[in-house]
Amino acid sequence: MKKTILFNFCLIILLLFTVSACGAKTCHRCGEKIEGDPVEAGGRYYCSYECYWIELLS
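Residues numbered from 1 in each chain as written. Predicted model: local features only at pLDDT ≥ 70, side-chain atom pairs only at ≥ 80, totals over all residues. Heavy atoms only, no water.

Participant: Got a minute to help me understand the pattern of salt bridges in this structure?
Facilitator: Two side chains of opposite charge can pair, provided their charged atoms sit close to one another. Evaluation of the coordinates by the stated rule reveals one salt bridge. The partner of R44 in a salt bridge is E55, and the shortest N-O contact between them spans 3.3 Å. One end of the pair, R44, is in strand 2 (residues 44-46); the other, E55, is in helix 2 (residues 49-57), with 11 residues separating them in the sequence. (Salt bridge = Lys/Arg side-chain N within 4 Å of Asp/Glu carboxyl O. Helix = DSSP H or I, 4+ residues; strand = E, 2+ residues; numbered from the N terminus.)

This is how it looks when you write it as structure tokens:
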């Protein structure tokens, strides 16, 4: 019984990590889907430094 509960718990945790890692990020400024590494600043994601600087200087 305990092994089944532990196995189910581990399976749920693994599923949560997998789903959270696969979430596609979108650029805060232009709204495009970010394919590569995003630029993260202030809890927001940008597709490039250009988008980041345009918003920062606006």
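Participant: What is the right way to look at the nonpolar core in this model?
Facilitator: Nonpolar side chains in soluble globular proteins tend to end up buried together. Judged by nonpolar contacts, C27, I34, V39, A41, Y46 and C51 together constitute the single largest core of six residues. If near-sequence neighbours (up to four positions away) are discounted, V39 is found in contact with R44, Y45, Y46, S48 and Y49. (Core = buried A, V, L, I, M, F, W, Y, C linked by side-chain atoms within 4.5 Å. Buried < 20%, exposed > 50% of the residue type's maximum accessible area, 1.4 Å probe, protein only. Contact = heavy atoms within 4.5 Å.)

Participant: Please clarify how the confidence of the model for the protein should be interpreted in this entry.
Facilitator: For the protein, per-residue confidence averages 85 on the pLDDT scale, and 91% of positions sit at 70 or higher. For the protein, the element scoring lowest by mean pLDDT is helix 1 (residues 2-21), at 83; strand 2 scores highest, at 91. (pLDDT = per-residue confidence, 0-100.)

Participant: Even after reading the chapter, I still don't get the environment of E55, so can you show me in this structure?
Facilitator: We classify E55 as partly exposed; its relative accessible area is 24%. Taking the C-alpha atoms as reference points, E55 and A41, separated by 14 residues in sequence, lie 11 Å from one another. Apart from the residues within four sequence positions on either side, E55 is in contact with H28, R29, R44 and Y46. Looking at E55, its side chain comes within polar contact range of the side chain of R44, at 3.3 Å. (Polar contact = N/O pair within 3.5 Å; in protein donor to acceptor, adjacent residues only side chain to side chain.)

Participant: Explanation requested: the environment of S58 in the structure shown.
Facilitator: As for its position among the elements, S58 is in the segment after helix 2. Overall, the relative accessible area of 76% leaves S58 in the exposed class. Among the polar contacts listed, one links the side chain of S58 to the backbone oxygen of I54, at a separation of 2.4 Å.

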